[in-house]
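# Per-entry structural report
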Amino acid sequence: MTELTNRERMSIPRQAMPAQEAEARRTNFDEVALGFTMELVQQEADRCLQCKRPHCVDGCPVGVLIPQFIAALREGDMEGAVRAMKEKNNLPAICGRVCPQESQCEVKCVLAKKGEPVAIGRLERFVGDYELAQRTCPLERGEPTGKRVAVVGSGPAGLTCAVDVGREGHEVVIFESLHAPGGVLVYGIPEFRLPKGVVQAEIDYAVECLGIEMRLDAVIGSLYTLNELLDQENGAGFDAIFLGTGAGLPSFMRIPGINYNGVVSANEFLTRVNLMKGYLFPEYDTPVKVGDRVAVVGAGNVAMDAARCSLRLQALRQREGAEVHIVYRRSAAEVPARAEEVHHAEEEGIIFDFLTNPIEIYGDENGNVCGMRCIRMELGEPDDSGRRRPIPIEGSEFDMDVDMVVMALGTSPNPLVFKDAGGLERFKWGTVIADEETGRTTKPRVWAGGDVVTGAATVISAMGAGKRAADDINAFLREGIDPWA
Amino acid sequence: MYKILHKKVLSDVNKLMVVSAPDVARKAQAGQFVIVRIDEQGERIPLTIADYDREAGTITIIFQEVGKSTMHMGMLNPGDEFATFTGPLGHETEVENYGTVVCVGGGVGIAPIYPIARALKEAGNRVLSIIGARSKELLFWEDRMRAVSDELVVCTDDGSYGRKALVTEPLKEMLEEHRGEITRVWAIGPAIMMKFVALTTEPFEVPTIVSLNTIMIDGTGMCGGCRVKLKEGAKFVCADGPEFDAHQVDWDLLLARQRYYLDEEKRAVEQWEHKCRLEAQG
Ligand SMILES: Cc1cc2nc3c(=O)[nH]c(=O)nc-3n(C[C@H](O)[C@H](O)[C@H](O)COP(=O)(O)OP(=O)(O)OC[C@H]3O[C@@H](n4cnc5c(N)ncnc54)[C@H](O)[C@@H]3O)c2cc1C
Ligand code: FES
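Residues numbered from 1 in each chain as written. Chains lettered and ligands numbered in written order. Predicted model: local features only at pLDDT ≥ 70, side-chain atom pairs only at ≥ 80, totals over all residues. Heavy atoms only, no water.

## Quick notes on the overall build of chain A
This is how the line gets drawn: By definition, any uninterrupted DSSP run of H or I lasting at least four residues is a helix, any uninterrupted run of E lasting at least two residues is a strand, and each is numbered from the N terminus. Computation of the radius of gyration draws on C-alpha atoms alone. For the globule rule, the value is 2.2 Å times the number of residues to the power 0.38. To sort residues, take the accessible area from a 1.4 Å probe on protein chains only and compare it with the maximum for the residue type: under 20% means buried, over 50% means exposed, and anything in between is partly exposed. Calculation of accessible area relied on Shrake-Rupley with a 1.4 Å probe; when residues are assessed, cover is drawn exclusively from the protein chains displayed. Only four residue types enter the tally: Lys and Arg on the positive side, Asp and Glu on the negative side; His and the chain ends are excluded. Throughout, a charge is located at the NZ atom of Lys, the CZ atom of Arg, the CG atom of Asp or the CD atom of Glu.
Tallying secondary structure elements over chain A gives 18 helices and 16 strands in all. Relative to the compact-globule value of 23 Å for 485 residues, chain A shows a C-alpha radius of gyration of 23 Å, a close match. Taken along the three principal axes of its C-alpha coordinates, chain A extends 70 × 65 × 50 Å. Burial status across chain A gives 58% buried among its 485 residues. With an accessible surface of roughly 19700 Å², chain A has 48% of that area assigned to carbon and sulfur atoms. Distance between charge centroids for chain A: 3 Å, based on 52 positive and 72 negative side chains.

This is the structure we're talking about:
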């Protein structure tokens, strides 16, 4: 096979992701994006120019060796691709599916200037799926050190930290309050975007290889407090703790009518659907309601997921003429969700009401939602976040005919874990104060990372934080130097 | 997995189970609850801790068979296991010596009121108790309640045992008789009972504490499905409660929220009974 020239590489179009047709997928919870075939992988990998100074890597919060794994793919060397991937990323099947590649690695790709970056995420997913099926490159545990690390929370931050600490030979116990591991990956992100089997397989693979103990149903702050976990005499006697408890506390708007039946947080709705499999009721015991006219307030990933779950439930239950609206107070340009999700949502028939903000929810005599009053907005000067501030247009109030309202407005850390955790300082909005480079908190022997530090962010940034903290924990346990002393 | 060690049928629909959960038992306090799940298909059900034994590592739960999940639970036997048994969740009951207090338990609410009455008694309070149920078959733990109370009134709605009355009747009489002496009332039972207890004690200005049993999922403050409207704003029952000042609660909204899933519950029960019939036929 002769080497392609760069010109030839650049003439290959970006390969489209095979996906379920919009009409079909609206009626099921199966995965939408079906994944590349080996042939598509070859085509796409051939597009990579193997830049000397690859900018894509700079865009990745964990610095995945992108050109290396793509080069191996191009050679058909799957094991090599897996090895290159696992240098930096232990959960590629997950990241390939949910990372916002368009604003991280792919945006930095030299081909992006022409609008068609290499589909790095789709290639990553292929490598991840291959490894889950083949297990060519199992993680190896170092010599046991006799040191013990408690990881609180089994989301991407906790899992990543557990793996990197476990590889060093330390004994790791993960404490998770829910009955299934994975954090938002299992209770929030729906099956059609991230199959729960993939999450479980990634976790099982890592946990088995490294002998990590997974303790489910274990609410820290109650079953054990942080101080009890650290207590060497009477407590559980861990040498270090990593806190990766996420930002699970939902917020509700402060408007009249917010407590009527049918006003739910996206967390409640998505947990019923995903973790509890409410879409399979009554085969599964947990019911989930869906309205005929659903308004989802917000436009992040969470809002898209809630909207698309609503749509599928309506279709499964044959609600003729049903509608799902995304109600967002800014404009299309500010939508924070992943581009692919917005695109999929539009294809599936979600209606977007931009520059619209709810001001009151109406209830009927049974306490059920029967309408929502909104006001139109316009964009003013940029605010602290750099985004243009939405301002209500006086006199533009109008009523929306809705029977269910899902609040997808952002979340903050659940304070439960902070009980009896003296010395652990937090910002007034609830996130834990931790050093960005090392994850060290203000409490000795406690590290933190992920959404509990940043507030709701991304899977990959949580993983990055888990990795950096693991490096620091490993150094601390190896050298025995107390950075808090 | 969490093994059922012991089961006692308290009445047709009320069952008691002692479950092995050493970690939960190590920390459990009166007033807190656990979340249980029967199996992979199961829903997460909140149940108040009726008793605990730290040495034996066990938690006692009592439940009334009202829906599919509790009916299914009622068919489990010693040796069977719960897939999930997590806790202790929520805040413990604040117990001090307040002087004279009243404890009201209605129906299956007798189970969670018992450890509270016991703790109050141990703290030196004079404990006046009232327990009630629809009929004699639904009453239990009269002996236990008597053992920790200075006075005990037992009533049934239909008069099949004890006094024929709703619990609010003897409560009102006690409040009148011991006017100024009674400093606090605890009430646990069906929401409608707790609402009327709140209305009964309000004119006497006696602080009244209720333990709310709203619909829950996670039980850790993650979903807001359990929220209750108080005069001061909404609270999450699982994380902020489960005990609240009864005079603060918007009872009508609470009752409406409890009815929200009635259709689904009915469907689940029908499906379950159908399945049980098929299995019985072999
Ligand atoms: C619906 C939804 C869709 C999303 N879509 C995307 C996407 O497409 N792409 C993307 O990059 N990001 C997405 N995100 C954001 C991303 O999922 C989070 O940023 C990421 O999961 C944070 O990881 P984490 O490990 O910090 O916390 P989490 O994933 O929240 O995990 C925290 C874990 O800690 C547990 N826990 C909490 N308190 C305790 C306690 N006291 N004791 C024991 N355990 C406890 C929780 O049960 C949970 O399992 C989405 C988020 C949501 C909600
Ligand atoms: S049960 Fe979810 S917040 Fe209380």
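Further notes follow.
## Observations concerning the sheet that holds strand β8 (residues 84-89) of chain B
All names here are of chain B. Operational definition: At least two DSSP bridges between two strands are required for those strands to pair. In this analysis, axes come from line fits to C-alpha atoms, helices being fitted only over the stretch in contact, and the angle between any two N-to-C directions falls in the range 0 to 180 degrees.
Spatial ordering of the open sheet is given by β4-β3-β8, a layout of three strands whose pairing is antiparallel. The outermost strands of the open sheet, each flanked by one partner alone, are β4 (45-48) and β8. Pairs of neighbouring strands in the sheet enclose a mean axial angle of 25°, with direction left out of account. As defined by bridge partners, strand β3 (residues 33-37) adjoins β4 across four bridges and the pair is classed as antiparallel. Within β4, the residue paired with Val36 across the bridge is Ile45.

## Here we look at the site of ligand 1
Residues and elements named next belong to chain A. Condition: The rule for a residue being near a molecule or strand is that one of its heavy atoms must lie within 4 Å of it. Under the rule applied, a polar contact is a pair of N or O atoms within 3.5 Å (in protein, one hydrogen donor and one hydrogen acceptor; residues adjacent in sequence only if both atoms are side-chain atoms). Three classes are used: nonpolar for Ala, Val, Leu, Ile, Met, Phe, Trp, Tyr, Cys and Pro, charged for Asp, Glu, Lys and Arg, and polar for all others, with Gly counted as polar.
Taken together, 35 residues lie around ligand 1, and Val98, Glu176, Arg193, Ile220 and Asp451 are the ones closest in. Val98 places a main-chain nitrogen or oxygen 2.5 Å from a nitrogen atom of ligand 1. Within the backbone of Ser177, a nitrogen or oxygen atom sits 3.2 Å from a nitrogen atom of ligand 1. Across the complex, the protein chains shield 96% of the 1000 Å² of accessible surface that ligand 1 would expose by itself. Going through the elements one at a time, α10 (156-167), α15 (301-316) and α18 (459-479) are the ones with two or more residues in the shell around ligand 1. The element that contributes the greatest number of residues to the shell around ligand 1 is α15, accounting for three residues. Looking at the shell around ligand 1, its residues break down into 18 nonpolar, twelve polar and five charged.

## Comments concerning a negative patch on the surface
Residue and element names in this part refer to chain B. Inclusion rule: Each patch is built from residues that are more than 30% exposed by relative accessible area and take part in no salt bridge. Like charges join if they lie within 9 Å; nonpolar side chains (Val, Leu, Ile, Met, Phe, Trp, Tyr) join within 5 Å. Every case where a carboxyl oxygen of Asp or Glu lies within 4 Å of a side-chain nitrogen of Lys or Arg is listed as a salt bridge.
Among the surface-exposed residues, Asp12, Glu137, Asp157 and Asp158 lie close enough to one another that they form a single negatively charged patch. Along the chain, Glu137 turns up in the loop between β10 (126-133) and α4 (142-148). Here Glu137 falls in the exposed class, since its relative accessible area comes to 52%.

## Structural notes on the environment of Ala240(A)
For Ala240(A), the position within the fold is in strand β4 (residues 240-243). A C-alpha to C-alpha distance of 7.8 Å links Ala240(A) and Trp447(A), two positions 207 residues apart in sequence.

## Digging into the interface of chain A and chain B
Under the convention used in this document: Here, residues are in contact when the closest pair of their heavy atoms is within 4.5 Å. By convention, the term buried area covers the 1.4 Å-probe accessible surface removed from two parts as they join, with the contributions of both added.
In this assembly, 42 residues from chain A lie in contact with 42 residues from chain B. In total, chain A and chain B occlude about 3800 Å² of area from one another, counting both sides; carbon and sulfur atoms represent 52% of this. By the criterion of area lost to chain B, the three top residues of chain A are Asn259(A), Asp285(A) and Lys289(A), representing 20% of everything that side buries. Close ionic contact of Glu264(B) with Lys289(A) constitutes a salt bridge, the shortest N to O distance being 3.2 Å. If you look at where chain A meets chain B, you find 23 residue pairs in polar contact (both at pLDDT 80 or more). Mapped by element, the contributors of at least two residues to the side of chain A that touches chain B are β5 (249-250), β6 (263-265) and α14 (266-275) of chain A. Counting residues per element, the side of chain A that touches chain B draws most heavily on α14(A), which supplies four residues.

## Quick notes on the packing of aromatic side chains
Each aromatic ring pair is summarised here by two numbers: the centre-to-centre distance and the angle between the ring planes. Quick reminder of the rule: Pairing of aromatic rings covers Phe, Tyr and the six-membered ring of Trp, with a centre-to-centre limit of 6.5 Å; geometry is then stacked below 30 degrees between planes, edge-to-face above 60, and tilted otherwise. Either the NZ atom of lysine or the CZ atom of arginine qualifies as a charge over a ring when it sits within 6 Å of the ring centre and within 35 degrees of the ring normal.
Enumeration over the complete set of coordinates arrives at 16 aromatic pairs over all chains. Consider the rings of Phe29(A) and Phe192(A), whose centres lie 6.1 Å apart with planes at 50°: the pair is tilted. In this pair, Phe29(A) is assigned in the loop between α2 (22-25) and α3 (38-45) and Phe192(A) in the loop between α11 (184-187) and α12 (196-210), connecting sequence segments 163 residues apart. Take Phe29(A): its relative accessible area is 4%, and that puts it in the buried class. Taking the relative accessible area as the measure of exposure, Phe192(A) reaches 1% and is therefore buried. Note on Phe140(B) and Trp141(B): the rings are 5.8 Å apart at their centroids and 75° apart in plane angle, and the pair reads as edge-to-face. When the ring centre of Phe192(A) is taken as origin, the NZ or CZ atom of Arg312(A), which lies over that ring, is 3.8 Å away.

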